[in-house]
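Examining the three-dimensional arrangement
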Amino acid sequence: MAWRGVAAEFLQVPAVTRTYTAACVLTTAAVLELLSPFQLYFNPHLVLRKFQVWRLVTNFLFFGPLGFSFFFNMLFVFRYCRMLEEGSFRGRKADFVFMFLFGGVLMTLLGLLGSLFFLGQALTAMLVYVWSRRSPRVRVNFFGLLTFQAPFLPWALMGFSLLLGNSILVDLLGIAVGHIYYFLEDVFPNQPGGKRLLHTPSFLKLLLDAPEEDPDYLPLPEEQPGPPQQ
């Protein structure tokens, strides 16, 4: 019964958050039994020469072996991905997926410069950064230790990552890509002479978003609400 309750609760989570979180957990579970991290990491040579294109995706799904760092990252992935999807991306599933794609492509290109092999933590930092900039007045309680405004959260996470012995280069990459997305999507279009440069492809909207109702549509008489016919 407990598992049914957990499953029912998980199904209430928005689709993109649910899919990405489940993919991360299943990838880690697969590494425990079936796969090796060497089959997942980003390697441009293997992608281009051996056509192991799955590495373009799997490097965003593996957060290391089970342990404190894994659960820490999953907590922030789930929390801030969900808050974005239920907040500023509510009813805009295609736009949210496009943000993932934009961030993933840019991180992959920039990651080549730093020889970064796993970029899931950078994607987490991007999600947190975009949420924090869109929620500037929200006060965040950081594990009961510190309370500060949301825009400071990405930097607090980077400092905590440093305390755990991780490289901050991945976090900086995520923050940088998050800032680029935020600037192009939220800042530049509102500047004098500015315009939106990021446009979600129509096929994504057609595939993922509910069709918009035509305001000029007039329903047929039999479709209009009325007293039931005898």
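A quick note: this is a predicted structure, and the numbers were derived from the prediction, not measured.

Thoughts on the pairing of strand E2 (residues 146-149)
Sheet analysis places strand E1 (residues 139-142) next to E2, joined by 4 bridges and oriented antiparallel. Residue Arg139 lies in a different strand from E2, and its bridge partner there is Gln149. Taking the residues between adjacent antiparallel strands as the criterion, E1 and E2 are bridged by 3 residues, where Phe143 takes a positive phi near 55°.

Digging into the packing of helix H5 (residues 68-86) against helix H8 (residues 153-163)
For the pair H5 and H8, the least separation of the axes is 13 Å and the interaxial angle reads 170°. Overall, the two elements H5 and H8 adopt an arrangement that is roughly antiparallel. Across from Phe68, Phe72, Phe76 and Tyr80 in H5, the residues of H8 making contact are Leu153, Leu157 and Phe160. Within the contact of H5 with H8, the residues separate by chemical class into 7 nonpolar, no polar and no charged.

Notes on the side chain of Thr124
Residue placement: Thr124 occurs in helix H7 (residues 120-134). Setting aside residues up to four positions removed in sequence, Thr124 forms contacts with Phe63, Asn73, Phe76 and Val77.

Quick look at the UniProt feature "transmembrane region" (unreviewed entry) in the chain
Using the residue numbers shown here, the UniProt feature "transmembrane region" (unreviewed entry) corresponds to residues 20-41, 53-76, 96-119, 140-157 and 163-184. Structurally, residues 140-157 is divided into 28% helix and 39% strand, and its ends, taken at the C-alpha atoms, are 12 Å apart.

Observations regarding the pattern of salt bridges
Tallied over the entire structure, the rule returns 6 salt bridges. Glu86 is the partner of Arg82 in a salt bridge, and the nearest nitrogen-oxygen pair spans 3.1 Å. In this pair, Arg82 and Glu86 are both assigned in helix H5, 4 residues apart and thus about one turn of the helix distant. With relative accessibility at 34%, the residue Glu86 sits in the partly exposed group. The residue Asp95 makes a salt bridge to Lys205 at a minimum N-O spacing of 3.3 Å. Remark: Lys205 occurs in helix H10 (residues 202-208) and Asp95 occurs in helix H6 (residues 93-114); sequence separation between them is 110 residues. For Asp95, a relative accessible area of 10% translates into the label buried. Residue Lys205 is classed as partly exposed on the basis of its relative accessible area, which comes to 36%.

The rules behind each value
- Residues numbered from 1 in each chain as written.
- Predicted model: local features only at pLDDT ≥ 70, side-chain atom pairs only at ≥ 80, totals over all residues.
- Heavy atoms only, no water.
- Pairing = 2+ DSSP bridges.
- Helix = DSSP H or I, 4+ residues; strand = E, 2+ residues; numbered from the N terminus.
- Axes fitted to C-alpha atoms, helices over the stretch in contact; angles between N-to-C directions.
- Parallel < 35°, antiparallel > 145°, perpendicular 65-115°, else oblique.
- Contact = heavy atoms within 4.5 Å.
- Nonpolar A, V, L, I, M, F, W, Y, C, P; charged D, E, K, R; others polar.
- UniProt positions renumbered as here; feature names shortened; annotations may be inferred.
- Salt bridge = Lys/Arg side-chain N within 4 Å of Asp/Glu carboxyl O.
- Buried < 20%, exposed > 50% of the residue type's maximum accessible area, 1.4 Å probe, protein only.

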